[in-house]
Protein chains: 2
Amino acid sequence: MALPDFHDVELAAARLKGIARETPIRTSRQLDARSHATVFLKCENFQRVGAFKFRGAYNAVTQRPSSKSVVALSSGNHAQGIALACRLSGKEAHLVMPEPVNPIKRAAVQEYGGIVHVPPDPRDADSFSRDLVRELHGEWIEAFNDPDVIAGQGTAALELLGRVPDLDVLLGPIGGGGLLSGTCLAAHGLNPKIQVFACEPAGALDALYSVRENRIVSQEHPRTIAEGLRTSVGTLTLPILRDHLAGFFVVTEEEIVAAMRFVYERMKLVIEPAGAVAVAPLLRQEPALQGKRVGVIISGGNVDLSRYFDGLSGF
Amino acid sequence: MALPDFHDVELAAARLKGIARETPIRTSRQLDARSHATVFLKCENFQRVGAFKFRGAYNAVTQRPSSKSVVALSSGNHAQGIALACRLSGKEAHLVMPEPVNPIKRAAVQEYGGIVHVPPDPRDADSFSRDLVRELHGEWIEAFNDPDVIAGQGTAALELLGRVPDLDVLLGPIGGGGLLSGTCLAAHGLNPKIQVFACEPAGALDALYSVRENRIVSQEHPRTIAEGLRTSVGTLTLPILRDHLAGFFVVTEEEIVAAMRFVYERMKLVIEPAGAVAVAPLLRQEPALQGKRVGVIISGGNVDLSRYFDGLSGF
């Protein structure tokens, strides 16, 4: 597959217009004071399905006109994005969700009309998905290693830079690299001087190694609260990241939780741990960010708050 | 004291311009679907100090030019509002906070430069405050029963109606009635047909009785998670409420928690229980709200999330 480019991000933005939300940009005096930077959070937690993943999913679904069925393997935000994108496009979404399936996420996918398939053995999820594609004559849409998905994810940065053009730095969390590679294409299509940094949990440190060694170093035993970042980069995302990234910020689990707490308590935003990964370098006052105008893509807000609400029954 | 009117709300809005945040208005397909209404949340959780209280505090502080010291009795959002308003106006804020003092709220007040006084006996907080006013030749600013405070609180509804003029109904939580009486003045100054409803926890049901009996029925043993709503109405707020309110919606503790959870999980907003009180009637599909365009003043987002974050340490 050919790598996507800036023009693909622009085309994706045109397709998403009026369909995806142009999500708000939030600022905070307290965050600026703490970080010694001027920070703009692009709030994809307010995106449809609660995460940026809707952008790439919708862009990809609408670029597969030949089939009426779409198959995707995901137990997270990609599954919800595909389900909603298919409903809006009159297609049938088949989501392969390997055990253990989070019942909240399963219900969310079904609410959007998605058909959930649970493979008998989670280790066979890939072959199970391939069989399903064949059976249904369906279209397969990968969660990040897909040119249309990458281009769609880049539209969040495109919108942010449309509103705040004079950013020095962009930050985003990295898992498979779909969001970050799209962000690189959008940023450097508009202004090659913008530095894009990937933020990665120390407990799932494969993207940094992959970019350094220019080969996919796979993530064997990720240990991070940021679920969405436990995957390895792909054959399409790696070359883009390698060409465009200014560097990495590696953050600890404690920093992720502290950043979540800061954003909830001070900015009143519900964000998921992956979103907090990209805020953490600001709170520890990374030298490269001091005095800079920094945009942060907050990936989403899909987080299980049961431990807060269960048993919170008032009086 | 004379009752404030619509013109006072307009003057307050002019004073707050560029000082208070014009907070965002959020909508949600899911909330509309659940409530069978078209709903606009005025997000005062994004206001400075995290609550609408900053509006009234700042308006009142700037209308007391004769003294350089301000005294207020509050262990909640009013204390923070007065502390920040004084810092911005070059005044000294003295906050009387009776035990038990929440250490987070105490720290927040001190962060804004407020001087905290803890009366030796919480039952003597009133006389302790009066002594302090005398001693300091200070100005006393009550949390809700003050014309400048009421006018300031009305600016939230004024902004909302400036952006969404064609609302049928406005909802807000009621404690002392400062927010709701200001909301009434703003709404009916612009359009006498807008129905303003007060939302009150069943466990702190004094405002409804006070309006019905046209006398202050005091709140003896409030039992609600919505801390800010445990107070009784005042001599200024009661006549305004009595003249303007279309009615009351009484909600249970379970409905308050369910509404909080809905707003966190579906709308990704951190709100305090008092804010959820005004969302609860929508989620139970109150007949009077069906098919209506409804504005809701979300009072704030100052809530203790320790039970969620303590022990959430990633891996």
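Presented here is an overview of the structure given in this document. (Residues numbered from 1 in each chain as written. Chains lettered and ligands numbered in written order. Predicted model: local features only at pLDDT ≥ 70, side-chain atom pairs only at ≥ 80, totals over all residues. Heavy atoms only, no water.)

### Brief notes about the overall build of chain A
- For chain A, the helix and strand inventory stands at 14 helices and 10 strands.
- For chain A, the C-alpha radius of gyration of 18 Å lies close to 20 Å, the compact-globule estimate for 315 residues.
- Along the three orthogonal principal directions, the C-alpha set of chain A runs to about 55 × 55 × 40 Å.
- Here chain A holds 315 residues, and the buried ones make up 60% of them.
- Restricting the contact set of chain A to residue pairs at least 6 apart, pairs at least 24 apart contribute 72%.
- Total accessible area on chain A stands at roughly 12,000 Å², and carbon and sulfur atoms take up 51% of it.
- Averaged over its 33 positive side-chain charges, chain A has a centre that lies 5 Å from the centre of its 35 negative ones. (Helix = DSSP H or I, 4+ residues; strand = E, 2+ residues; numbered from the N terminus. Rg over C-alpha atoms; globule rule 2.2 N^0.38 Å. Buried < 20%, exposed > 50% of the residue type's maximum accessible area, 1.4 Å probe, protein only. Contact = heavy atoms within 4.5 Å. Areas by Shrake-Rupley, 256 points an atom, 1.4 Å probe, with all protein chains shown as cover. Lys, Arg positive; Asp, Glu negative; His and termini not counted. Charge placed at Lys NZ, Arg CZ, Asp CG, Glu CD.)

### Re the nonpolar core
- Counting 86 residues, the largest nonpolar core has A:Leu171, A:Tyr264, A:Val296, B:Leu171, B:Tyr264 and B:Val296 as the members making the most contacts within it.
- With residues up to four places along the chain from it excluded, the contact list for B:Val296 reads B:Val39, B:Phe40, B:Leu41, B:Lys42, B:Leu160, B:Leu171, B:Ala278, B:Val279 and B:Leu282. (Core = buried A, V, L, I, M, F, W, Y, C linked by side-chain atoms within 4.5 Å.)

### Observations concerning the pattern of salt bridges
- Enumeration according to the criterion identifies 36 salt bridges over all chains in this entry.
- Put simply, A:Glu111 and B:Arg266 hold a salt bridge, and the shortest N to O gap is 3.8 Å. Placement of the pair is A:Glu111 in helix H5 (residues 103-111) and B:Arg266 in helix H11 (residues 253-267), with the two residues belonging to separate chains.
- On the basis of relative accessibility, which here comes to 34%, the residue B:Arg266 falls in the partly exposed class.
- The partner of B:Asp131 in a salt bridge is B:Arg134, and the shortest N-O contact between them spans 2.6 Å. Note that B:Asp131 and B:Arg134 are positioned in helix H6 (residues 125-136) at a spacing of 3 residues, about one turn of the helix.
- Accessibility expressed as a relative area gives 38% for B:Asp131, which makes it partly exposed. (Salt bridge = Lys/Arg side-chain N within 4 Å of Asp/Glu carboxyl O.)

### Here's the deal with the interface of chain B and chain A
- Taken together, the contact pairs 44 residues of chain B with 43 residues of chain A.
- Inspection of the region where chain B meets chain A yields 4 salt bridges.
- Where chain B meets chain A, there are 16 residue pairs in polar contact (both at pLDDT 80 or more).
- At the level of elements, helix H2 (29-35), H11 and helix H14 (306-309) of chain B are the ones that each hand at least two residues to the side of chain B that touches chain A.
- No other element matches the 9 residues that H11(B) contributes to the side of chain B that touches chain A.
- When the residues that make up the side of chain B that touches chain A are grouped by side-chain class, the tally is 16 nonpolar, 12 polar and 16 charged. (Polar contact = N/O pair within 3.5 Å; in protein donor to acceptor, adjacent residues only side chain to side chain. Nonpolar A, V, L, I, M, F, W, Y, C, P; charged D, E, K, R; others polar.)

### A closer look at the relation of the copies chain B and chain A
- Mapping chain B onto chain A calls for a screw motion: a turn of 180° about the axis and a shift of 0.0 Å along it, with 0.0 Å RMSD after fitting. Expressed as a symmetry operation, the mapping of one chain copy onto the other fits a two-fold axis.
- A shared interface surface links the copies, since 98% of the contact residues of chain B are contact residues in chain A too. (Least-squares fit on C-alpha atoms with pLDDT ≥ 70 in both.)

### Topic: the sheet that holds strand S6 (residues 139-140) of chain B
Residue and element names in this part refer to chain B.
- The strand order S5-S4-S3-S6 describes an open sheet built from 4 strands, whose pairing is parallel. At either end of the open sheet lies a strand with only one pairing partner, and these are strand S5 (115-117) and S6.
- As paired elements, strand S4 (residues 92-96) and S5 share 3 bridges and run parallel to each other. When the bridges of S5 are listed, leucine 95 appears paired with valine 116.
- Its contacts with the sheet place H6 against strand S3 (69-73), S4, S5 and S6, and it is angled at close to 180° to S3. (Pairing = 2+ DSSP bridges. Axes fitted to C-alpha atoms, helices over the stretch in contact; angles between N-to-C directions.)

Coordinates in, geometry out; function isn't part of it.
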